[in-house]
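Understanding the architecture of this molecule
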Amino acid sequence: MAEQTIVSSGKPLVRFESVSKRFGTHVAVENFTLDIRRNEFFALLGPSGCGKTTLLRLLAGFETPDEGRILLDGEDIGALPPYLRPVNMMFQSYALFPHLSVAGNVAFGLKQEALPREERKQRVAEMLAMMRMDEFADRKPHQLSGGQRQRVALARALVKRPKVFLLDEPLAALDKKLRTQTQLELRELQKKLGVTFVIVTHDQEEAMTMADRIAVMNGGRLAQVAAPREIYEHPKSRWVAEFVGDVNLIEGVVSAVDAQETVVETAAAGQMRVPQGNAAHRGDRVLVAIRPEKVAIAREGASAHGGNSVSGILRDIEYFGGSSVYKVKLDGPGSMRISSVNVSRKGETVASKGERVTLSWSADAAAVLAQ
Amino acid sequence: MIAIKSAFKTKAKTAAKTAAAPRLTSISRFNIAAISAGLAFLYLPIAILVLYSFNGSRSVAVWGGWSLRWYRELLHDSAMIEAAWTSLGLALFSASAATILGTLAALALTRIGRFRGRLPFSAMIYAPLVLPEVIIGLALLLLFVAVDFDRGFWATALAHTTLTLCFVAAIVQARLVDFDRSLEEAAMDLGCSPLRTFLTVTLPLIVPAIAAGWMLAFTLSLDDFVIASFTTGPGATTLPIRIYSQVRLGVKPETNAICTLMIAVVALIVVTASLLSKRYAMSGERAAALGAPM
Ligand SMILES: Nc1ncnc2c1ncn2[C@@H]1O[C@H](COP(=O)(O)OP(=O)(O)OP(=O)(O)O)[C@@H](O)[C@H]1O
Ligand SMILES: [Mg+2]
């Protein structure tokens, strides 16, 4: 297998250049431009029907773009049929061949290459061992559990040593516990093999835990592409902020802008100071976005910390085990959700329903978004 | 018979809801009687034919003890043996031709998507399923006369291919319709050209249906009397025609023997075909279970 190399920021491995794909009148992918780097664990994230699978199938060669080009290693692969592309895919249904054994399934792809028998056998054995499937080599797919089938599907594609490995919702069929475990395993596998992984998911946590970079898609268009932390902490648009995680959005008008800060006048929380990020001008109508876990909640009168604070009435508490979410009706118009870790095992909460509370957050907790 | 059986089953079920257990057993006893009557209705004539083929007596109506005499005699009836070979050859040829054409038709109907004229094409393929055989036979006869094609073995072989093709197409198409297309895409993704994909993935998975189709075509051709009587000519007498012409001169015990042999061959093939299609149905279920999320 290829030596592990650091994600290079040089020439991209895959490049979508203004790619569009229509099905009849329905536009599945629209003017899509994206670079995927070598040895990267890349996630395509978006709601159902936003074109993630279509994008993957364009890359695998099962669909051809109506407009634009797809480059692999600098070469246009648009005219290449799927069986000539150095790209392999793991299907959501796994698509294991029911008439072949586990070993037969894994060897299938290598049989299509002119490889010496010995080498083929060795590579199959290696791959089965890596996936801990060697003892099941002679079983048929229907004699395996869901998790085992998934590993066979992985082995079958990876044994081909593709330049890009595509995974379409690989974990959707697994239960939550196995899914979390497999996420880690996939990540380790990717680092070990040094193959570029492109994974499709509509589960944002999954994308966050696994990917080096995430492309968030909306209605066939690219909404934002960045590292997970960047996507979460610095969303470029209201849509991304709302799609990835929970967020409080407060309407306001920019009253002052300097090198460090943007000052926003809001009806809900008065004057808010937000660090410079997305460009805004004086007089713009904007949204101030604050993640629920960045806000501290305390009974009114307790000392507030941070640069911004606002008061209101606690309306509701949702208990999630590790944390609770507090719904607060602000004195001004609107309300906010605050999430707080449950440190104590006793049933005590910060405040009880109906009590007056003060919310506070540091100046750099919020971000300005265009409305 | 099955219809009768299930009708009584439903009756038994509704009765079970209202009546006590004894009534239920009496109904199921009635049920058994009904099934026996149905079976007797269907198979008694055949059973008598089979029984009398082992009759030692020359007279058809008198039982003269067990004997294989008529089977031995059959070996010396060269006309009958020749007819048997003709029928076998016809069945082999037409079943194979119909299987190839029928499979191709099924592939075209399921794989090419919505091509122009797909609906009329599928309607036309399945027309012989419902058309009376007399009409097919007559139509083919007119065609062969019009193009001046000699009636005989090859004319009948073509006619049987026409007749049985639609059965093969129907069986294979049923299999292809619930075939998971992502299997074929996976094969292509792993480096198979479309042809190799067909040979290594599609074909092995539909081969039970193709085999079942071939066997059905084989028995249909073997059994056919009506169409063959239009299309065959001198020197190409099929077994059913030979038997019929013999019976017209009076039923000979020998006829019972040849009919028993035919029944045995057809029964064997039908049982094999139904086992095959059962196996395919099971593997289909498994494939579906594989695809479904847990
Ligand atoms: N073969 C096709 N014919 C017509 N429309 C299609 C076809 N494939 C996809 N579409 C449409 O294109 C859009 C994008 O589909 P796609 O499968 O890429 O969505 P997705 O992001 O993968 O969604 P999901 O998360 O539900 O799998 C959908 O609206 C879908 O209906
Ligand atoms: Mg999808």
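What counts and how
- Residues numbered from 1 in each chain as written.
- Chains lettered and ligands numbered in written order.
- Predicted model: local features only at pLDDT ≥ 70, side-chain atom pairs only at ≥ 80, totals over all residues.
- Heavy atoms only, no water.
- Domains from an automatic or database assignment.
- Contact = heavy atoms within 4.5 Å.
- Buried area = accessible area lost by both parts, 1.4 Å probe.
- Salt bridge = Lys/Arg side-chain N within 4 Å of Asp/Glu carboxyl O.
- Helix = DSSP H or I, 4+ residues; strand = E, 2+ residues; numbered from the N terminus.
- Buried < 20%, exposed > 50% of the residue type's maximum accessible area, 1.4 Å probe, protein only.
- Polar contact = N/O pair within 3.5 Å; in protein donor to acceptor, adjacent residues only side chain to side chain.
- Nonpolar A, V, L, I, M, F, W, Y, C, P; charged D, E, K, R; others polar.
- Axes fitted to C-alpha atoms, helices over the stretch in contact; angles between N-to-C directions.
- Parallel < 35°, antiparallel > 145°, perpendicular 65-115°, else oblique.
- Left-handed = near helix turned anticlockwise from the far one by under 90°.
- Near = heavy atom within 4 Å.
- Areas by Shrake-Rupley, 256 points an atom, 1.4 Å probe, with all protein chains shown as cover.

**Here's the deal with the domain arrangement of chain A**
Interfaces are often sized by the amount of accessible area the parts lose when they come together. Residues and elements named next belong to chain A. Domain assignment breaks chain A into domain 1 (4-241) and domain 2 (246-370). Here the C-alpha centroids of domain 1 and domain 2 sit 39 Å apart. At the junction of the two partners, domain 1 supplies eight residues and domain 2 supplies nine residues. Across the interface of domain 1 and domain 2, roughly 780 Å² is buried in total on both sides, 49% from carbon and sulfur atoms. When the buried area of domain 1 at its contact with domain 2 is split by residue, Y232, R238 and A241 rank highest and sum to 65% of it. Our count for the domain 1 to domain 2 interface comes out at one salt bridge. Between E233 and K294 there is a salt bridge, with its nearest N and O atoms 3.3 Å apart. Counting only elements with at least two residues in the side of domain 1 that touches domain 2, the list comes to α7 (228-233) and α8 (238-243).

**Overview of the environment of M127 of chain A**
Residues and elements named next belong to chain A. One can find M127 in helix α3 (residues 117-130). The exposure class of M127 is buried, given its relative accessible area of 3%. In sequence terms M127 and R156 are 29 residues apart; their C-alpha atoms lie 8.4 Å from each other.

**Points about the interface of chain B and chain A**
Facing the 24 residues of chain B at the interface are 26 residues of chain A. Counting the surface lost from both chain B and chain A, the interface buries some 2300 Å², and carbon and sulfur atoms represent 66% of this. The interface formed by chain B and chain A holds one salt bridge in total. Note that R57 of chain A is salt-bridged to E185 of chain B, the shortest N-O span being 2.8 Å. For the interface between chain B and chain A, the tally reads seven residue pairs in polar contact (both at pLDDT 80 or more). At the level of secondary structure, the elements contributing two or more residues to the side of chain B that touches chain A comprise α8 (181-189), α9 (194-223) and α12 (253-291) of chain B. If you tally residues by element for the side of chain B that touches chain A, the top one is α8 of chain B, at seven residues. Looking at side-chain class alone, the side of chain B that touches chain A contains 14 nonpolar, five polar and five charged residues.

**Re the packing of helix α4 (residues 78-111) of chain B against helix α7 (residues 153-177) of chain B**
Residues and elements named next belong to chain B. Two elements in contact, α4 and α7, have axes whose closest approach is 5 Å; the angle formed by their N-to-C orientations is 40 degrees. Between α4 and α7, the crossing angle belongs to the class labelled oblique. At the point where α4 passes α7, the crossing takes the right-handed sense. For the contact of α4 with α7, the per-class residue count stands at 18 nonpolar, twelve polar and one charged.

**Notes on the site of ligand 1**
Residues and elements named next belong to chain A. Neighbouring residues of ligand 1: F23, H26, A28, S48, G49, C50, G51, K52, T53, T54, E169 and H202. For ligand 1, the protein covers 61% of the area, taking 640 Å² as the surface of the free molecule. If you list the elements that add at least two residues to the shell around ligand 1, you get β2 (26-36) and α1 (52-60). Here the shell around ligand 1 takes three residues from α1, the largest share from any one element. When its residues are assigned to classes, the shell around ligand 1 shows three nonpolar, seven polar and two charged.

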